[in-house]
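Geometric and topological summary
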Amino acid sequence: MTLGQIVSFLGLEVLTPELSVNGGADVTRGHASDLLSDVLANAPSGGILLTIQVHMNVIAVALHAGLAGVVFTQGMRPEEMVRLKAVQEGLPLLAASESSFDLAGRLYALGLRGRGQPE
Amino acid sequence: MTPPAIVREASEKGIAVIAVCDHNTAGNVRAVMEAAASIPDGPAVIPGIEITTVEEVHVLGWFRSPADACAVSDEIAAGLPPWRPLAVRTGAPTTASALREPEQQLMDADGNETGIETLMLAAASRFTLSETVDLIHRHGGISVAAHVDRRSFSVPGQLGFIPHDVPFDALEISAAGAARGRAAEFLSHGLPLLSSSDCHFLEDMGTGFTLFDVPEPAFDEIAKALGNREGRGCTIA
């Protein structure tokens, strides 16, 4: 499933309209965490991250972990500087009003899995 | 951990200067300063606070005067939620100790209770990491990233790495981390490294410490030492 399909199935808001969410590799994995040290160590490459962490470091960490995109949950919004950095680096940012728990459940129902789980 | 007990412990252990840094409050700093002044060989007391940022990073603020510390404390307090009583689990044994709420006492210099803190000091403040360092600096303080070698509540733990655009004055290594030689991992940031006991219990006081090469144990001298100015400096064991 492409990031664009996930966006439309879940009704996510695209915070980086400058970037395309279609055409990338299929997204099959996800990770939910607000500790960026954990994201660095454990988020599956090519997956998406659900987080309420909006600090600038989330961009560098997501790039380092090779993530396909970041979803800020529970209504959290990064500052404009963070958004611009993501645009510059080509990292799609999305937003949802639901909690990470609810969003993870919906992504699981769409077939995404966490680290180490069979697809 | 009453003010008289704290300063007595420091005095007995030959500690020249302590910083009092309660979580998200400076409500007890004046009492400890008074207690230290009232005994012979009492330690110098730096009024401080350990702020929990929005990102749940712990940042230490040390100040020249208790008024500065309290001004910062007031700004932090304005964004803290009210104290939330411990939830009592249904079916759990209702012993007296299970029902007793942990109290956040305010004390005078003699250790008498003068009030109970009504805010949730363990919660995150409404200040981001950058805003917290700015808040401390606006009040003339020294900002220290606390226990950067630990996984919990540290800048690297919460944020993956130490961002270069946050103007910390120093990085603190935990006593356990310093003992294991972990300070070397943080040299590349170009910031002074400190260590302290982060003591939550009297017996832990002095388990971690920093040696300051200064003529007297005072805020301004420590500030000079951290800036490597006028021949002052500091090292950790």
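Overview of the structure. From a predicted model like this one, the values you see are computed outputs, not experimental measurements. (Residues numbered from 1 in each chain as written. Chains lettered and ligands numbered in written order. Predicted model: local features only at pLDDT ≥ 70, side-chain atom pairs only at ≥ 80, totals over all residues. Heavy atoms only, no water.)

**Remarks on helix 1 (residues 3–10) of chain A**
Residue and element names in this part refer to chain A. Using the following cut-off: Residue burial is assigned from relative accessible area. The probe radius is 1.4 Å, only protein chains are included, and a residue is buried under 20% of its type maximum, exposed over 50%, and partly exposed in between. Secondary structure follows DSSP: runs of H or I at least 4 residues long count as helices, runs of E at least 2 residues long count as strands, and numbering of each begins at the N terminus. The directions from the helix axis to the C-beta atoms are what the arc is built from.
Within helix 1 the residues assigned to the buried category are Leu3, Gly4, Ile6, Val7 and Leu10. Taken down its axis, helix 1 places every buried residue within 160 degrees of arc, on the same side. Taken from the residues just after helix 1, Gly11 is the one with a positive phi, measuring 65 degrees.

**Brief notes about the sheet that holds strand 3 (residues 58–62) of chain B**
Residues and elements named next belong to chain B. Heads up, the rule is: When DSSP finds two or more bridges between two strands, those strands count as paired. Where helices are involved, their axes are fitted lines through C-alpha atoms of the stretch in contact, as for all axes, and angles between N-to-C directions lie from 0 to 180°. Contact criterion: two residues are considered in contact whenever any of their non-hydrogen atoms come within 4.5 Å of each other.
Within the open sheet, the six strands sit side by side as 1-2-3-6-7-8. Their pairing is mixed. At either end of the open sheet lies a strand with only one pairing partner, and these are strand 1 (17–20) and strand 8 (193–196). The sheet shows a mean angle of 35 degrees between the axes of neighbouring strands, direction not considered. Strand direction decides the pairing type here: strand 3 and strand 6 (residues 142–145), joined by four bridges, are antiparallel. When the sheet's bridge partners are listed, Leu60 is paired in strand 6 with Val144. Helix 2 (residues 29–37) contacts strand 1 and strand 2 (44–52) of the sheet and is inclined by roughly 160 degrees relative to strand 2.

**Structural notes on the nonpolar core**
Stated precisely, the cut-off is as follows: Nonpolar cores were defined as sets of buried Ala, Val, Leu, Ile, Met, Phe, Trp, Tyr and Cys residues, with membership established by side-chain atoms within 4.5 Å.
The biggest cluster of nonpolar side chains holds 63 residues, and the ones touching the most others in it are Leu93 of chain A together with Ile76, Leu129, Val155, Phe168, Leu171 and Ile173 of chain B. Of all hydrophobic cores here, the second largest spans 15 residues; its members include Ile6, Leu12, Ile48 and Leu107 of chain A.

**Here's the deal with the sheet that holds strand 3 (residues 48–51) of chain A**
Strands belonging to one sheet form pairs held by backbone hydrogen bonds; the direction of such a pair is parallel or antiparallel. All names here are of chain A. Overall, mixed pairing links the five strands, which are arranged 1-5-4-3-2 in an open sheet. Looking at which strands have only one partner, the edges of the open sheet turn out to be strand 1 (13–14) and strand 2 (30–32). With three bridges joining them, strand 4 (residues 69–72) and strand 5 (residues 93–95) adopt parallel strand pairing. When the bridges of strand 5 are listed, Phe72 appears paired with Ala95.

Scope: geometric values only; no functional claims are made or implied.
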